[in-house]
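Listed below, chain by chain, are the residues.
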Amino acid sequence: MTDQPPADAPRGGRRGLFLAVEGGDGAGKSTQADALARWLGEQGYAVRRTREPGGTGLGRSLRELVLHGEDGSVTARAEALIFAADRAHHVATVVRPALEAGEIVITDRYLDSSVAYQGAARELGHGEVRDLSLWAVEGLLPDLTVVLDVSPEQGRLRRGATHDRVEREGDDFHLRVRRGFLDLAGQQPERYLVLDAQEPQPAIESAVRERVRELLERR
Ligand code: TYD
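These notes cover the structure that comes with them.

Rules and cut-offs
- Residues numbered from 1 in each chain as written.
- Predicted model: local features only at pLDDT ≥ 70, side-chain atom pairs only at ≥ 80, totals over all residues.
- Heavy atoms only, no water.
- Near = heavy atom within 4 Å.
- Polar contact = N/O pair within 3.5 Å; in protein donor to acceptor, adjacent residues only side chain to side chain.
- Areas by Shrake-Rupley, 256 points an atom, 1.4 Å probe, with all protein chains shown as cover.
- Helix = DSSP H or I, 4+ residues; strand = E, 2+ residues; numbered from the N terminus.
- Nonpolar A, V, L, I, M, F, W, Y, C, P; charged D, E, K, R; others polar.
- Buried < 20%, exposed > 50% of the residue type's maximum accessible area, 1.4 Å probe, protein only.
- Pairing = 2+ DSSP bridges.

Once that is clear, we can look at the site of the ligand. The ligand sits among 17 residues. The nearest are Asp25, Arg63, Arg109, Ser114 and Gln118. Note that an oxygen atom of the ligand is positioned 2.9 Å from one of the side-chain N or O atoms of Arg63. In the model, an oxygen atom of the ligand is placed 2.7 Å from a nitrogen or oxygen of the Arg109 side chain. Coverage of the ligand by the protein chains reaches 88% of its 560 Å² of free accessible surface. Elements supplying a minimum of two residues to the shell around the ligand: helix 2 (57-67), helix 3 (76-100) and helix 4 (111-121). Of all the elements, helix 4 adds the most residues to the shell around the ligand, at four residues. Of the residues that constitute the shell around the ligand, the class distribution is five nonpolar, three polar and nine charged.

Have a look at this one:
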């Protein structure tokens, strides 16, 4: 299988629903994205569960390059461009075709991760990093972004012993990441759901379901 977009994949309007789950390292995003995908699947929706970085063949190579090198092996701007390249390919070959086919796409991380990690935490600038990613994805934004808010200390404890190159950064870095996500959510509350990652898992699941149910009813 190649990662080329179908020749007839349109770039315009879409029929599916695009949901992103975001948050700092150790927030429990994957667990929540899986639970949401299962719940929607049980109701008969066609669901595409995916992730960044690494939602495509090219993306898996880029993920390896950007996360598993030694400290200092990727400069901040190169890092921003690699995440943007992963996103461009992911949207063109997975996300947009699935939305055009009417599916519900649930991605574990999306554009806000770049704004929070590269824009805020690496201090490359929110606006520049956002514009880079918007160019990469031809303007595609989620219908809803769930932010699982986690403090640097809680995130570190929940991650345990294994740390990739970004996770290894100190608490000050992860605090800027956290603030980056909260700033984005604060600017457009209608497109976000911010939840405390420390809440019990079932409580988080039901809050997410409630908001997604509203979105589905409004479609
Ligand atoms: P993730 O896949 O969520 O981590 P895990 O290995 O626990 O599944 O994310 C990998 C790392 O990449 C994470 O530390 C955040 C970072 N990242 C960025 O810095 N910028 C981005 O745009 C994205 C998508 C991820």
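Among the seven residues in strand 1 (residues 17-23), seven count as buried, and that is most of the element. Across the two faces of strand 1 the burial is the same, with Leu17, Leu19, Val21 and Gly23 and Phe18, Ala20 and Glu22 all buried. Here five bridges tie strand 1 to strand 3 (residues 104-108), and the two strands are oriented parallel to one another. Looking at strand 3, one finds that Leu19 is bridged to Ile106. Sheet analysis places strand 1 next to strand 4 (residues 144-149), joined by five bridges and oriented parallel. The residue of strand 4 that forms the bridge with Gly23 is Leu148.

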